[in-house]
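Listed below are the residues making up each chain.
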Amino acid sequence: MKILEAISTIAGKYFAVWVICIAVIAFIAPDPFLIFGGYITILLGIVMFGMGLTLKAIDFKLIITNPMPVIIGVCAQYIIMPLAAFLIAYIMNLPAELAAGLVLLGSVPGGTASNVMVYLAKGNVPLSITMTSFSTLLAPIATPLILLLLAGKWMPVDPMAMFTSIIQVIIFPIILGIVVRRFAPQVVEKSMNVIPLISVVAIMIIVSAVVAGNVNSIASAGAIIFAAVALHNAFGLLFGYLTARVLGLDESNRRAISIEVGMQNSGLGVALATAHFGPLAALPSVLGAVWHNISGPILATYWSKKPENVEKQLNEQIQETNGRTQI
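Residues numbered from 1 in each chain as written. Predicted model: local features only at pLDDT ≥ 70, side-chain atom pairs only at ≥ 80, totals over all residues. Heavy atoms only, no water.

Is there a simple way to explain the packing of helix α6 (residues 96-107) against helix α15 (residues 283-304) in this structure?
The description of two packed helices rests on the angle between their axes and on the distance between the axes. As a packed pair, α6 and α15 sit with axes 8 Å apart at the nearest point and diverge in direction by 45 degrees. When the axes of α6 and α15 are compared, the pair comes out oblique. Of α15, the residues touching α6 (which contributes L98, G101, L102 and L105) are L283, P284, S285 and H292. Here the contact of α6 with α15 is built from residues that sort into five nonpolar, three polar and no charged. (Axes fitted to C-alpha atoms, helices over the stretch in contact; angles between N-to-C directions. Helix = DSSP H or I, 4+ residues; strand = E, 2+ residues; numbered from the N terminus. Parallel < 35°, antiparallel > 145°, perpendicular 65-115°, else oblique. Contact = heavy atoms within 4.5 Å. Nonpolar A, V, L, I, M, F, W, Y, C, P; charged D, E, K, R; others polar.)

Right, here's the structure in full:
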């Protein structure tokens, strides 16, 4: 178990490196990874089950005790990112499937890796965790409706089918994880340090499968869609921060909201795009899985060296969350 825990720590710490490596390998030698294409939904369900295992009642405490930062953050998540994706896709005149895929990436909830980035950036960790959890629970309603309004310009959208997909691959696994934690807490606690390894491996397999299935598309459109994804991510990080600042939140909350808004659940984007739009539409989410885990650590490292009087808040957050971080 100690060996697995050590491997899990390394896997989480260098997550972006592993994702980049597996993407490059799958691009150069795609055939071995094509068999995983039919398991993307199952793999994402495993990741979400792991998220459910880590959820605690305290993750939703801020919704009651201090709801304003949560409301601001989640609204920014579901307004800034979809609109930014729509504008970028329109201005860059992306092909229909790629445009719809970029809007989809902007319409999914925040990714759990953002919690670690906020911790490293000395941001408000409880706010980050609450935003991730709350935005994920809102996804079955928010994501299909946003896509119907924005992505319908390029591709037909079936909101009910997408609602069902999100319930199946996100909500059910999370609920199952919560139930398992409730009735077998000791078993869950003993395996908690290994959960990040399972999540990293699952996401790596998802990325490899999509890259392997879209080698020609990546070769022809990889540069332009990567630029679109990087620009989209920058918009989220910048305007998430500015929104929190304009609305009077302190520096700790600004950092949390910035990172939460900028980092998406790319795995969900891949699964939904593959199921409802086509494999090419999954490309923005695949590149997002790579880029978000590069830009996030860069920004977190920069902010970690500029505490700006948030050390006391950070210590309080660490105590409140019992040192909890998640991938």
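Got a minute to help me understand the packing of aromatic side chains in this structure?
Each aromatic ring pair is specified by the distance between its two centres and by the angle formed by the two planes. Throughout the structure, instances matching the rule amount to five aromatic pairs. Ring-pair connections join several aromatic residues into one group, and the members of that group are F86, Y90 and W154. (Phe/Tyr/Trp six-rings, centres within 6.5 Å; stacked < 30°, edge-to-face > 60°.)

Sorry if this is basic, but what is going on with unusual backbone geometry here?
One can expect most non-glycine residues to show negative phi and most peptide bonds to be in trans. With a phi close to 55 degrees, N93 is a non-glycine residue in the positive phi region. If you trace the backbone, N93 turns up in the loop between α5 (67-91) and α6. Using a relative accessible area of 65% as the deciding quantity, one classes N93 as exposed. The phi angle at K122 is positive, at roughly 60 degrees, despite the residue not being glycine. Here K122 lies in the loop between α7 (113-120) and α8 (125-150). (Buried < 20%, exposed > 50% of the residue type's maximum accessible area, 1.4 Å probe, protein only.)

Just checking my understanding: could you explain helix α14 (residues 266-276) for this structure?
Because each turn of an α-helix spans 3.6 residues, side chains separated by three or four positions end up pointing in the same direction. With eight of 11 residues buried, α14 lies mostly within the body of the structure. Those residues of α14 that sit buried are S266, G267, L268, G269, V270, A271, L272 and A273. The backbone nitrogen of L268 has a side-chain oxygen 3.1 Å away, supplied by the residue at the start of α14, namely N265. G278 sits one or two residues past α14 and shows a positive phi near 125 degrees. (Polar contact = N/O pair within 3.5 Å; in protein donor to acceptor, adjacent residues only side chain to side chain.)

Even after reading the chapter, I still don't get the confidence of the model for the protein, so can you show me in this structure?
Close reading of the predicted structure is inappropriate where its pLDDT is low. Per-residue confidence for the protein gives a mean pLDDT of 80; residues scoring 70 or more make up 86%. Confidence, read as mean pLDDT per element, is least for helix α16 (residues 311-320) in the protein (50) and greatest for α5 (92). A low-confidence stretch, residues 322-327 (pLDDT under 50), is modelled with 19 contacts involving residues beyond four sequence positions or located in other chains. (pLDDT = per-residue confidence, 0-100.)

Looking at this structure, how should I read the packing of helix α3 (residues 40-54) against helix α9 (residues 159-183)?
Contact geometry of α3 with α9 gives a least axis separation of 7 Å together with a crossing angle of 40 degrees. Between α3 and α9, the crossing angle belongs to the class labelled oblique. Seen from above, α3 lies across α9 with right-handed handedness. Across the interface between the two elements, T41, L44, G45, M48, F49, M51, G52, L53 and T54 of α3 pack against V169, I170, P173, I174, L176, G177, I178, V180 and R181 of α9. Residues belonging to the contact of α3 with α9 are distributed by class as follows: 12 nonpolar, five polar and one charged. (Left-handed = near helix turned anticlockwise from the far one by under 90°.)

Mind showing me how you'd approach the pattern of salt bridges here?
Where charged atoms from two side chains of opposite charge come close, those side chains can pair. Counting across every chain of the model gives two salt bridges. A salt bridge links R254 to E251; the nearest nitrogen and oxygen atoms lie 3.4 Å apart. Of this pair, R254 and E251 both sit in helix α13 (residues 251-262), three residues apart, roughly one helical turn. Given the relative accessible area of 9%, E251 is considered buried. For the salt bridge of E251 with R255, the shortest nitrogen-to-oxygen distance reads 2.8 Å. Separated by four residues within a single helix, E251 and R255 lie in helix α13, roughly one turn from each other. Across the pair, R255 and E251 agree in class, each one buried. Several salt bridges share partner residues, and in doing so they unite E251, R254 and R255 into one network. (Salt bridge = Lys/Arg side-chain N within 4 Å of Asp/Glu carboxyl O.)

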